[in-house]
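What follows is the residue order along each chain.
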Amino acid sequence: KQQVDLGRNLEIGCTGGHGRTGTMAAALCVAYGAEVADALEMVWFGYCQRAVETKAQEGLVRGYYNKLHSVVAEGQK
């Protein structure tokens, strides 16, 4: 996220270009404030419908979202 904030290009990739790539792309959307469902839709419709292939990968995006929001909530106490 820091590199993107600086205006640099970011390339995300894995061997197949779907599961891990889509998971990271969705996580980046979450890092910029998207809700999990919106992040997944952005990846599926903006990149590839085969991205984020498994429920486990969706769970990783959801877990990342939850972690980010728990850190924000802790900081607001």
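Please refer to the structure higher up on the page.
Bear in mind that the values here come from a model prediction, so they are computed numbers and not experimental data.

### Let's talk about helix α2 (residues 19-31)
Every α-helical turn comprises 3.6 residues, leaving residues that sit three or four positions apart pointing alike.
Phase 1: Taking 1.5 Å as the rise per residue, α2 with 13 residues should run 18 Å; its terminal C-alpha atoms sit 18 Å apart, in good agreement.
Phase 2: Along α2, the residues that are buried comprise Gly-19, Thr-21, Gly-22, Thr-23, Ala-26, Ala-27 and Val-30.
Phase 3: Phi turns positive one or two residues past the end of α2, at Gly-33, with a value near 110 degrees.

### Quick word on the pattern of salt bridges
Phase 1: Under the defined criterion, the tally for this structure stands at one salt bridge.
Phase 2: Salt-bridge contacts for Glu-58 lead to Lys-55; the nearest nitrogen and oxygen are separated by 3.8 Å. Taken together, the positions of Glu-58 and Lys-55, both in helix α4 (residues 55-75) and three residues apart, correspond to about one turn of that helix.
Phase 3: Note on Lys-55: relative accessible area 68%, which makes it exposed.

### Here's the deal with the environment of Gly-17
Phase 1: Turning to its location among the elements, Gly-17 is positioned in the loop between α1 (2-5) and α2.
Phase 2: On the accessibility criterion, Gly-17 (13% relative accessible area) is buried.
Phase 3: Taking the C-alpha atoms as reference points, Gly-17 and Cys-48, separated by 31 residues in sequence, lie 9.2 Å from one another.

### Concerning unusual backbone geometry
Phase 1: One non-glycine residue, Val-52, lies in positive phi territory at about 50 degrees.
Phase 2: Inspection of the secondary structure puts Val-52 in the loop between α3 (36-46) and α4.

### Regarding the side chain of Glu-58
Phase 1: Classification of Glu-58 by relative accessible area gives buried; the value is 13%.
Phase 2: Contacts of Glu-58, omitting those with residues within four sequence positions, involve Leu-40, Trp-44 and Val-52.

### Here we look at a nonpolar patch on the surface
Phase 1: Taken together, the side chains of Val-4, Leu-10, Ile-12, Met-24 and Tyr-32 present a nonpolar region at the surface, about 430 Å² in accessible area.
Phase 2: Its location among the elements puts Val-4 in helix α1.

### Brief notes about the side chain of His-18
Phase 1: Its place among the elements puts His-18 in the loop between α1 and α2.
Phase 2: Within the structure, the side chain of His-18 is placed 2.9 Å from the backbone oxygen of Gly-16, a separation counted as a polar contact.
Phase 3: The residues touching His-18, leaving out its near neighbours within four places in the chain, are Thr-23, Cys-48, Arg-50, Ala-51, Val-52 and Glu-53.

What counts, and where the lines are drawn
Residues numbered from 1 in each chain as written. Predicted model: local features only at pLDDT ≥ 70, side-chain atom pairs only at ≥ 80, totals over all residues. Heavy atoms only, no water. Helix = DSSP H or I, 4+ residues; strand = E, 2+ residues; numbered from the N terminus. Expected span 1.5 Å × (residues − 1). Buried < 20%, exposed > 50% of the residue type's maximum accessible area, 1.4 Å probe, protein only. Salt bridge = Lys/Arg side-chain N within 4 Å of Asp/Glu carboxyl O. Contact = heavy atoms within 4.5 Å. Patch = residues over 30% accessible without salt bridge, like charges linked within 9 Å, V, L, I, M, F, W, Y side chains within 5 Å. Areas by Shrake-Rupley, 256 points an atom, 1.4 Å probe, with all protein chains shown as cover. Polar contact = N/O pair within 3.5 Å; in protein donor to acceptor, adjacent residues only side chain to side chain.

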